[in-house]
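Examination of the molecular architecture
Take a look at the letters that make up each chain.
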Amino acid sequence: MFTGIVEELGEIVRVTATAGDSALIAVRGPLVTSDARHGDSIAVNGVCLTVVDAADGVFTADVMGETLRRSALGALRPGDPVNLERAAALGSRLGGHLVQGHVDGVGELISREPAEQWETVRFRLPAELSRYVVEKGSITIDGVSLTVAAVGVDEFAVGLIPTTLKLTTLGAKGVGDPVNLEVDVVAKYVERLLGSRPAETGEVA
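Because the structure is predicted, anything quoted here is derived from the model rather than measured.

1. Brief notes about the nonpolar core
Across soluble globular proteins, nonpolar side chains show a tendency to be buried alongside one another. Formed by 20 residues in total, the largest nonpolar core has its most connected members in Phe-123, Ile-139, Ile-141, Phe-156 and Val-158. Residues within four places of Ile-141 in sequence aside, it is in contact with Phe-123, Leu-146, Phe-156, Val-158, Leu-170, Val-179, Asn-180 and Leu-181. Core analysis: the next-biggest nonpolar cluster, separate from the first, contains 18 residues, Val-51, Phe-59, Leu-73 and Val-82 among them.

Laid out in structure tokens, this is it:
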């Protein structure tokens, strides 16, 4: 589990194709690897990956074909910056919201509107995710916990403050760039519970 508060802006060192359609990626991140061990979880652009090895500020992780297909990780190349966050520890502050690191879909940046103190950025999202996105609700974009400022039929907008623009990859994203989206897991649980609720018959027990 993560919080969507990026700890470090890392860098892809190499991407190596492995058996089938999977890959082994190496990521430079001195902070997140300072206490990393084999089996630990680190979110890379919002995707929870398991550490295979960590040394000299670089960790490696296996990425399955399913993950490459369902996220934007497959488009990463050496030198690309990535948002990094270690798994949250029990008792730590929950600065963002509950983030699983399980990408629900890939969105697309469609516009940027700079303002004096912040920037409004709009993203297109897959139709099947639109029902989970509400104004003032939470959403994770490339691992960054953000508050939804506005919602359209197939798009939504967020406001990015200077700190987010400077310390995450979202500050350098351009129109047309893909992003990993994870909607609020609470919304999905509520939908499942309401959908499985027994139909009311009007009978009195």
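That was the structure; now back to the text.
2. Some points on the packing of aromatic side chains
Aromatic ring pairs are reported here in terms of the distance separating the ring centres and the angle at which the planes meet. Applying the stated rule across the entire model yields 1 aromatic pair. Here the aromatic rings of Phe-123 and Phe-156 are separated by 5.7 Å at their centres, their planes lie at 25°, and the arrangement is stacked. With Phe-123 in strand S8 (residues 119–124) and Phe-156 in strand S11 (residues 155–160), the pair connects residues that are 33 residues apart, well separated along the chain. For the pair shown, Phe-123 and Phe-156 are each scored as buried.

3. Details of the sheet that holds strand S4 (residues 47–55)
The antiparallel closed barrel is built from 6 strands, whose spatial order is S1-S2-S5-S4-S3-S6. Across the sheet, the axes of successive neighbouring strands diverge by a mean angle of 45°, strand direction being ignored. Pairing of strand S3 (residues 41–44) with strand S6 (residues 81–86), which is carried by 3 bridges, proceeds in the antiparallel orientation. Across the sheet, residue Val-44 finds its bridge partner in S6, namely Leu-84.

4. A look at the sheet that holds strand S9 (residues 138–141)
Sheets are built from strands that pair by backbone hydrogen bonding, the pairs being arranged parallel or antiparallel. Ordered in space as S7-S8-S11-S10-S9-S12, the 6 strands form a closed barrel in which the pairing is antiparallel. Along the sheet, successive strands turn relative to each other by an average axial angle of 45°, direction set aside. As paired strands, S8 and S11 are joined by 6 bridges and run antiparallel to one another. Within the sheet, the bridge partner assigned to Val-121 lies in S11 and is Val-158.

What counts and how
Residues numbered from 1 in each chain as written. Predicted model: local features only at pLDDT ≥ 70, side-chain atom pairs only at ≥ 80, totals over all residues. Heavy atoms only, no water. Core = buried A, V, L, I, M, F, W, Y, C linked by side-chain atoms within 4.5 Å. Buried < 20%, exposed > 50% of the residue type's maximum accessible area, 1.4 Å probe, protein only. Contact = heavy atoms within 4.5 Å. Phe/Tyr/Trp six-rings, centres within 6.5 Å; stacked < 30°, edge-to-face > 60°. Helix = DSSP H or I, 4+ residues; strand = E, 2+ residues; numbered from the N terminus. Pairing = 2+ DSSP bridges. Axes fitted to C-alpha atoms, helices over the stretch in contact; angles between N-to-C directions.

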